[in-house]
Structures are given as structure tokens and as C-alpha cells.
Amino acid sequence: SRADVGRPARRDDCAMKIEKIMTREVISVTPETSLKEVARLLVANRISGVPVVGPDGEVLGVVSEADILRKEEGVDPELPRPLAWLARKLDSELDKIGAVTAGEAMTAPAYTVRPGQTTTEVARRMVDSMINRVPVVSDGALVGIVSRADLVRAFIRSDEEIEHDVREGVLLHELLLNPGEVTVSVENGLVSLAGQVGSQEDAEVLERRVRAIPGVVGIVANL
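Residues numbered from 1 in each chain as written. Predicted model: local features only at pLDDT ≥ 70, side-chain atom pairs only at ≥ 80, totals over all residues. Heavy atoms only, no water.

J.: Mind showing me how you'd approach the pairing of strand E7 (residues 218–222) here?
T.: Pairing between strand E6 (residues 190–195) and E7: 5 bridges, direction parallel. Along E7, the bridge assignment pairs Ala194 with Asn222. Running through helix H9 (residues 200–211), the crossover from E6 to the neighbouring parallel element E7 is right-handed. (Pairing = 2+ DSSP bridges. Helix = DSSP H or I, 4+ residues; strand = E, 2+ residues; numbered from the N terminus. Right-handed = clockwise from strand over helix to strand, strands pointing away.)

Written out as C-alpha cells, the structure reads:
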């Protein structure tokens with residue numbers, strides 16, 4: 001019914017899900033994998049980190065370039081021994097200096113996401129936590145991985161793709177509006193909406209849902 005237009009907005013109704021952009025063939029290691037082998041995998045595959053998984057595919061942690069660099073950096077030999085120890089202890093990195101395996105060097109617990117989470121939600125968390133890549137977990141097991149580069153690629157979408165999402169995804173299937181009631185145009189990610197809806201609340205719901213579509217940089221609305 002048209003009453004559905006006024007129901008509380010859910011930003012994830014039309015936002016792209018992580019399962020659409022994640023890499024499914026994941027390079028992973030076990031806790032016993034040597035740190036030398038981890039470094040080789042990072043360089044050979046041009047990636048910044050790998051998940052460490054247990055026997056049932058559960059994610060135990062992540063080994064990143066930063067973890068390996070901490071071992072390489074070691075402790076400043078110019079510092080008196082007690083101060084060197086304290087510097088690393090306060091930074092929670094002392095144990096990683098002597099690491100020889102992925103399990104000893106990994107950062108744990110790992111931040112993971114689910115396939116059904118939105119790209120917007122995950123992107124915000126990755127930026128806030130300064131994370132470059134995140135394991136994707138379903139039913140407790142690793143099923144994929146998503147990187148910042150994947151999220152950037154999701155944002156770079158054609159105007160035609162965005163317009164299709166607005167017309168078919170939002171107007172027709174979510175809000176049950178006749179697409180002819182609202183005209184839609186997109187130029188360089190800027191969405192223009194014009195037409196008539198049932199109420200001011202309906203117009204605000206429509207704008208919020210369009211704004212959640214990946215690749216939309218702004219909205220000009222005359223509703």
C-alpha cells in the first residue's frame with residue numbers, strides 16, 4: 001500500500017551489501033604458518049594482510065604488514081634495557097618482537113563483518129579503526145574478505161546504474177510508487193528528483209533511501 005512509503009526508513013534497504021563486493025577466494029594462513037611465509041604471501045599477492053584461521057575456518061586474528069614491521073623494527077638498541085622493555089610493554093607490542101609464526105604475530109581478536117552488512121556501515125568502521133581489509137564471516141567461518149579498494153570500486157558507479165537503482169530499487173520495489181510520478185536524473189553521481197508524493201515525511205524517506213545508494217554524491221529534490 002501507499003502507507004508503506006511512510007514507514008520508518010531503513011538505510012540498509014537499498015544500500016549495497018558486502019557480499020556483492022567481497023573477494024571470495026581468500027588467501028589465509030594458519031597459526032603455525034611461519035612469519036617468513038606470511039611476508040612472502042603479502043609481497044607475492046600485493047596485499048596488506050591475511051586472516052589467520054583455525055581448523056574449522058574460524059577467524060582467529062589477522063597478520064598485517066604492520067605486525068611484521070613491528071618485529072622487523074625491534075627495540076631501539078640505544079634505550080637502556082628497562083626503558084626499551086617498558087616502551088614496548090606499554091605499547092602492547094613486546095610479545096610480537098619475538099614472533100616467528102602467524103599465531104604469535106597476529107592481531108587478535110580480528111574485527112570481522114557479515115555478508116549482509118552494508119558497504120556504508122563497513123566503510124565507516126574501517127575508516128574509524130584505520131583498517132585496510134576485513135574478513136567476512138558467515139556461520140562462524142571465513143567466507144570472504146573486503147578491502148578499502150573494494151569499497152572505493154563500489155562507489156565508482158555509472159549514472160545509469162544509479163538511476164536504475166533509484167527507479168527500480170527504491171521507487172518501484174521499496175516504496176511501491178509508480179516511477180512516472182517522480183522524475184529521476186543523475187549526472188556525475190548527483191541525483192535530481194522531482195514530482196509529487198503523499199506527504200513531506202514520504203519525501204524525506206525517499207531522499208534518505210536514495211542517499212544510501214552507493215555512488216550517490218548528493219541529491220537535489222523538488223518533491
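Okay, back to it.
J.: Help me out: how do you make sense of the layout of surface pockets in this one?
T.: Taken as a whole, the largest pocket spans an internal volume of roughly 480 Å³. Along the wall of the largest pocket there are 20 residues; nearest its centre are Val62, Ser64, Thr107, Met130 and Ile131. Of all the secondary structure elements, the ones that give two or more residues to the lining of the largest pocket are strand E2 (59–64), helix H2 (65–73) and strand E3 (133–138). Among the elements that make up the lining of the largest pocket, the one with the highest residue count is H2 (4 residues). Classifying every residue of the lining of the largest pocket gives 9 nonpolar, 6 polar and 5 charged. Estimated volume of the second largest pocket: approximately 170 Å³. Together, Thr119, Thr120, Ala123, Leu151, Ala154, Phe155, Arg211, Ala212, Ile213, Pro214, Gly215 and Val216 line the second largest pocket. (1 Å grid on protein atoms, 1.4 Å probe; cavity = no way out; pocket = protein on both sides within 12 Å on 5 of 7 lines; lining within 4 Å. Points joined across faces, edges and corners; volume = space filled by probe spheres on them. Nonpolar A, V, L, I, M, F, W, Y, C, P; charged D, E, K, R; others polar.)

J.: I would appreciate a short explanation of the pattern of salt bridges in the present structure.
T.: Oppositely charged side chains can form a pair if their charged atoms are brought close together. One pass over the full model with this rule turns up 5 salt bridges. Ionic pairing is found between Glu37 and Arg40, a salt bridge with its closest N-O pair at 2.8 Å. In this pair, Glu37 and Arg40 both sit in helix H1 (residues 35–45), 3 residues apart, roughly one turn of the helix. Looking at Arg40, the relative accessible area reads 45%, which means it is partly exposed. (Salt bridge = Lys/Arg side-chain N within 4 Å of Asp/Glu carboxyl O. Buried < 20%, exposed > 50% of the residue type's maximum accessible area, 1.4 Å probe, protein only.)

J.: It is not clear to me how the confidence of the model for the protein should be interpreted in this structure. Could you clarify?
T.: Low-pLDDT portions of the prediction should not be read for the details of their coordinates. Per-residue confidence for the protein averages 81 on the pLDDT scale, and 80% of its residues sit at or above 70. A low-confidence stretch, residues 1–13 stays under pLDDT 50, and its non-local contacts, those more than four residues away or across chains, total 29 contacts. This stretch, residues 75–90, has a pLDDT under 50; its non-local contacts, to residues over four places away or in other chains, come to 13 contacts. (pLDDT = per-residue confidence, 0-100. Contact = heavy atoms within 4.5 Å.)

J.: Can you help me understand H1 in this one?
T.: Owing to its 3.6 residues per turn, the α-helix aligns residues three or four sequence positions apart on the same side. Along H1, the positions that sit buried rather than exposed are Leu35, Val38, Leu41 and Leu42. Viewed end-on, H1 has its buried residues packed into an arc of 115 degrees, placing them on one side of the element. Opposite its buried face, H1 presents the exposed residues Lys36, Val43 and Ala44, each directed more than 90 degrees away. The first or second residue beyond H1 is Arg46, which carries a positive phi of 55 degrees. (Arc of directions from axis to C-beta.)

J.: When you look at helix H7 (residues 148–155) in this model, what are you seeing that I'm missing?
T.: Within the span of H7, buried status applies to Asp150, Leu151 and Ala154. Buried residues along H7 cover an arc of 100 degrees about the axis, so they all sit on one side. Buried-residue contacts for H7 involve helix H6 (119–129) and strand E4 (141–147).

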